[in-house]
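Below, each chain spelled out in residue letters.
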Amino acid sequence: MQPFAHRLQPARHGLSRRGVDVLQVNMGRYCNLACVHCHVESGPTRKEMMSREVIDAVLRFLARSKVPTLDITGGAPELHPDFAYLVAGARRLGRHVMDRCNLTVIFEPGMEYLPQFFELHGVELVCSLPCYSQENVDRQRGKGTFEASIRALKLLNDIGYGQPAGDLVLNLVYNPVGPHLPPPQDKLEQDYRKILGEQFGIVFNRLFCLTNMPITRYATHLKLRGEYDRYIELLEANFNSMTLDHVMCRDLISVGWEGKIYDCDFNQMLDLPLCDGNGKALRIETLSLDQVERQKILVGNHCYACTAGAGSSCGGALVS
Ligand code: SF4
Ligand code: SF4
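J.: What is the right way to read the site of ligand 1 from this model?
T.: The environment of ligand 1 is formed by Cys-31, Leu-33, Ala-34, Cys-35, His-37, Cys-38, Ser-42, Gly-75, Asn-102 and Arg-141. Among the cavities detected, the one that contains ligand 1 is the largest cavity. Looking at side-chain class alone, the shell around ligand 1 contains five nonpolar, four polar and one charged residues.

J.: I tried to follow the site of ligand 2 on my own but got confused; where do I start?
T.: All residues in the neighbourhood of ligand 2 are listed as Met-213, Met-248, Cys-249, Cys-264, Phe-266, Asn-267, Ile-297, Leu-298, His-302, Cys-303 and Cys-306. Mapping ligand 2 onto the cavity grids shows that it belongs to the second largest cavity.

J.: What exactly am I supposed to notice about the pattern of salt bridges here?
T.: Working definition: two side chains of opposite charge can pair if their charged atoms are close together. One pass over the full model with this rule turns up 15 salt bridges. Between Arg-17 and Asp-263 there is a salt bridge; the shortest N-O distance is 2.3 Å. Placement of the pair is Arg-17 in the segment before β1 (22-26) and Asp-263 in the loop between β8 (261-262) and α9 (265-269), with a sequence separation of 246 residues. Grouping residues by exposure puts Arg-17 and Asp-263 together as buried.

J.: I'm lost on the packing of helix α1 (residues 52-64) against helix α2 (residues 83-92) in this one. Help?
T.: When two helices pack together, their arrangement is captured by the angle between the axes and the distance separating the axes. Close contact between α1 and α2 brings their axes to 10 Å; oriented N to C, the two are set at 15°. What the angle tells us is that α1 and α2 run roughly parallel. For the element pair α1 and α2, the recorded crossing hand is right-handed. For the pair formed by α1 and α2, the contact residues are Arg-52, Ile-55, Asp-56, Val-58, Leu-59 and Leu-62 on the first element and Tyr-85, Leu-86, Gly-89 and Ala-90 on the second. When the residues that make up the contact of α1 with α2 are grouped by side-chain class, the tally is seven nonpolar, one polar and two charged.

Criteria and cut-off values
- Residues numbered from 1 in each chain as written.
- Chains lettered and ligands numbered in written order.
- Predicted model: local features only at pLDDT ≥ 70, side-chain atom pairs only at ≥ 80, totals over all residues.
- Heavy atoms only, no water.
- Near = heavy atom within 4 Å.
- 1 Å grid on protein atoms, 1.4 Å probe; cavity = no way out; pocket = protein on both sides within 12 Å on 5 of 7 lines; lining within 4 Å.
- Sits in = over half its atoms within 2 Å of the grid points.
- Nonpolar A, V, L, I, M, F, W, Y, C, P; charged D, E, K, R; others polar.
- Salt bridge = Lys/Arg side-chain N within 4 Å of Asp/Glu carboxyl O.
- Helix = DSSP H or I, 4+ residues; strand = E, 2+ residues; numbered from the N terminus.
- Buried < 20%, exposed > 50% of the residue type's maximum accessible area, 1.4 Å probe, protein only.
- Axes fitted to C-alpha atoms, helices over the stretch in contact; angles between N-to-C directions.
- Parallel < 35°, antiparallel > 145°, perpendicular 65-115°, else oblique.
- Left-handed = near helix turned anticlockwise from the far one by under 90°.
- Contact = heavy atoms within 4.5 Å.

Here it is in structure tokens:
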């Protein structure tokens with residue numbers, strides 16, 4: 001395999017950050033699901049959670065910077081006891097808030113307030129629905145997940161989410177069930193729209209196609225099935241230099257549940273924090289944008305997953 005860093009040679013200086021438009025915050029590893037493709041290795045037994053002190057540091061950072069968007073992820077971030085505190089705090093500061101929601105969380109005990117809370121704060125929802133078929137969703141995410149996801153989507157539609165004329169944004173996320181690249185995003189979006197509309201009366205704004213990242217739990221899953229090497233070769237063989245200008249780490253930084261700063265959620269899972277000149281990990285409590293803007297991004301062979309084919313990011317495909 002050609003190391004990913006060699007692919008950047010024509011750019012001479014590697015990959016560097018343009019600025020920070022999005023602060024992505026990973027509130028912890030706890031989740032009500034345990035999906036096979038999960039790069040966070042989340043699940044109901046995970047205990048790691050962001051402390052109130054770190055959450056306050058996130059809010060202070062937003063207050064002293066001009067970063068316009070807070071993108072909240074996990075685990076299932078809504079199950080964090082301070083989820084509502086973080087959302088409301090960021091909205092008070094006038095920031096756009098996005099929540100990466102697994103849909104089924106809405107039916108967990110004590111979570112009934114979520115749809116109205118999302119609506120009240122105008123939270124943009126990015127919801128996983130890896131397929132429009134029950135069989136595929138339940139295989140990847142667990143039995144009953146599809147039915148609960150459809151119920152949640154209907155509930156969100158009923159309060160105005162995903163409606164073409166409204167401003168409550170509901171985006172869906174597809175990721176492949178098997179070790180292959182996602183199909184073209186525009187075409188799949190049309191298929192989702194047709195099937196979810198006809199069968200369930202569901203509407204949504206956009207579909208984001210994501211490539212599965214072959215690290216942590218998904219890497220183990222592939223290795224157990226003898227599919228890891230073939231998947232890595234597929235990603236490398238489909239490297240597309242056109243995606244390099246658009247990879248999400250060029251405009252985003254990620255904060256881990258413990259408060260350290262990373263180029264992205266994937267580097268966070270690989271324990272590759274951003275460091276100062278003395279090799280000390282940067283932390284949200286003392287972070288200034290000068291420390292991360294124009295800084296070189298820490299790349300590795302896992303970056304082939306972001307740059308294969310049409311590319312992949314938290315906002316879906318990178319090029320058409
Ligand atoms: S819902 Fe998301 S965070 Fe939870 S296990 Fe599945 S992929 Fe991981
Ligand atoms: S994994 Fe993707 S987002 Fe993260 S540093 Fe590599 S290219 Fe950037």
